[in-house]
Amino acid sequence: QVQLVESGGGLVQPGGSLRLSCAASGFTFSSYAMSWYRQAPGKGRELVAAIAATGGSTNYADSVKGRFTISRDNAKTTVYLQMNTLKPEDTAVYYCNTVDWGTRYYYWGQGTQVTVSS
């Protein structure tokens, strides 16, 4: 079955950096686009960044453009989110995601907490 396991979250000061990882298994990773979403307390889940199956195309939310970078290693079946110049408003639970467009089923990891605070 599909499994997505996030890691790398934590507490960081404003201006700091973190790198999130999402280890995927149970599907042909290299054939699927991957995304990172986040959900802050009291808010809905929002798309942060997405990357095509080949890694040749990426998209970002306006709020993170120029600060976050999504990447993937198809040999390791892992997707990453490098987060730089973190701000308190980046505080959220970050989720890894992929979609089976044949069934329109969204797969999610368990999430990893990112807290940006001094």
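In this numbering scheme, every chain counts its residues from 1 along its sequence in written order. For a predicted model such as this one, the threshold for reporting local features is a pLDDT of at least 70, and the threshold for listing and counting side-chain atom pairs is 80 or more; totals across whole chains, interfaces and linings nevertheless cover every residue. Values reported for side chains reflect all heavy atoms of the structure, with hydrogen atoms and water molecules removed beforehand.

Undergrad: Is there a simple way to explain the pairing of strand S9 (residues 92-100) in this structure?
TA: Regular strands show a simple pattern: their side chains alternate between the two faces of the sheet. Three exposure classes are used, based on accessible area relative to the maximum for each residue type with a 1.4 Å probe and protein chains only: buried under 20%, partly exposed in between, and exposed over 50%. Note on conventions: DSSP H or I runs of at least 4 residues are helices, E runs of at least 2 residues are strands, and numbering of each starts at the N terminus. Counting buried residues in S9 gives 7 out of 9 residues, a clear majority hidden from the surface. A pair of strands is labelled paired if DSSP reports no fewer than 2 bridges between them. Inspection of the sheet shows strand S4 (residues 34-39) paired to S9 by 5 bridges, in the antiparallel sense. Considered in S9, the bridge of tyrosine 37 is made with tyrosine 95. Note: S9 against strand S10 (residues 105-108), 4 bridges, orientation antiparallel. Residue pairing in the sheet places aspartate 100 in a bridge with tyrosine 105 of S10. In sequence, S9 turns back onto S10 through a hairpin of 4 residues, with arginine 104 there showing a positive phi of about 60°.

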